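What the coordinates show
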Amino acid sequence: MAQIIVLIVAVALITGIVWWFFGKHEQSSEQAAVANDQQTATVVVQGGYSPEEVVLKKGIPATVNFNMKDSTACLSHVVFDKLGVNKDLTKQPVTSIKIPTDKAGEYNFACGMDMFHGKVVVK
Ligand SMILES: [Cu+2]
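Note on numbering: residues in each chain are counted from 1, in written sequence order. For a predicted model such as this one, the threshold for reporting local features is a pLDDT of at least 70, and the threshold for listing and counting side-chain atom pairs is 80 or more; totals across whole chains, interfaces and linings nevertheless cover every residue. Side-chain figures throughout are based on the complete set of non-hydrogen atoms in the structure, without hydrogens or water.

Where an unreviewed UniProt entry is consulted, the chain appears under the name Cupredoxin domain-containing protein, with the organism given as Limosilactobacillus vaginalis.

1. Some thoughts on the coordination of the copper ion
Short version of the rule: Sodium, potassium and calcium take a 3.2 Å donor cutoff, other metals 2.8 Å, and in both cases only N, O and S atoms count; water is not among them, so sites may look incomplete. Note on conventions: DSSP H or I runs of at least 4 residues are helices, E runs of at least 2 residues are strands, and numbering of each starts at the N terminus. Burial classes: relative accessible area under 20% of the type maximum marks a residue as buried, over 50% as exposed, and values in between as partly exposed (1.4 Å probe, protein chains only).
Coordination of the copper ion by the protein comes from Cys74 (SG) and Cys111 (SG), over a distance range of 2.2 to 2.3 Å. Of the two residues, cysteine 74 is situated in the loop between strand E6 (62-68) and strand E7 (77-80) and cysteine 111 in strand E10 (residues 105-111); the sequence distance between them amounts to 37 residues. Among the residues examined, cysteine 111 registers a relative accessible area of 2% and is labelled buried.

2. What about the pairing of strand E9 (residues 94-99)?
Put simply, the rule reads: Two strands form a pair only when DSSP identifies at least two bridges running between them.
Residues Thr95, Ile97 and Ile99 of E9 are buried on one face, while the alternating residues Val94, Ser96 and Lys98, pointing to the opposite face, are not. Where E6 meets E9, six bridges bridge the pair, whose relative direction is antiparallel. In the sheet register, asparagine 65 faces E9, and the bridge partner there is serine 96.

3. Side note on the sheet that holds E10
Just so we agree on the cut-off: Axis definition: a line fitted to C-alpha atoms, limited for helices to the stretch in contact. Angles are taken between N-to-C directions and run from 0 to 180 degrees.
With mixed pairing, the six strands of this open sheet are ordered in space as E1-E5-E11-E10-E7-E8. One side of each edge strand has no neighbouring strand; the edge strands of this open sheet are strand E1 (29-31) and strand E8 (85-88). Strand-to-strand twist of the sheet, defined as the mean angle between neighbouring strand axes without regard to direction, takes the value 20 degrees. Pairing geometry for E1 and strand E5 (residues 53-56), over three bridges, is parallel. Pairing of glutamine 31 across the sheet is with valine 55, part of E5.

Here is the structure:
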């Protein structure tokens, strides 16, 4: 009997580990709101980025607002490597970053230490 329990526990653990590493984890994604030929999206910074992915329409001027709600040093800066942007989010509650939408593409962003990641998709 004890052996069966050990076996069941072992199988459950292995299933859990496999799911963790290979399972498709849902990523939060949000389409920017368009108004008056401008589009804006808000990313809440609190223990990570929410949503992690922002989708923008190509050709409409875009602003992504980072709403800072985290007090850890880790997330204090947001870095868009491709755009050469490195902003301190702690100076004001909301930091607006303009994203070029003239062509389709992806712009990854991360915290200053490259631990938390998100991305902006233009399509
Ligand atoms: Cu960090």
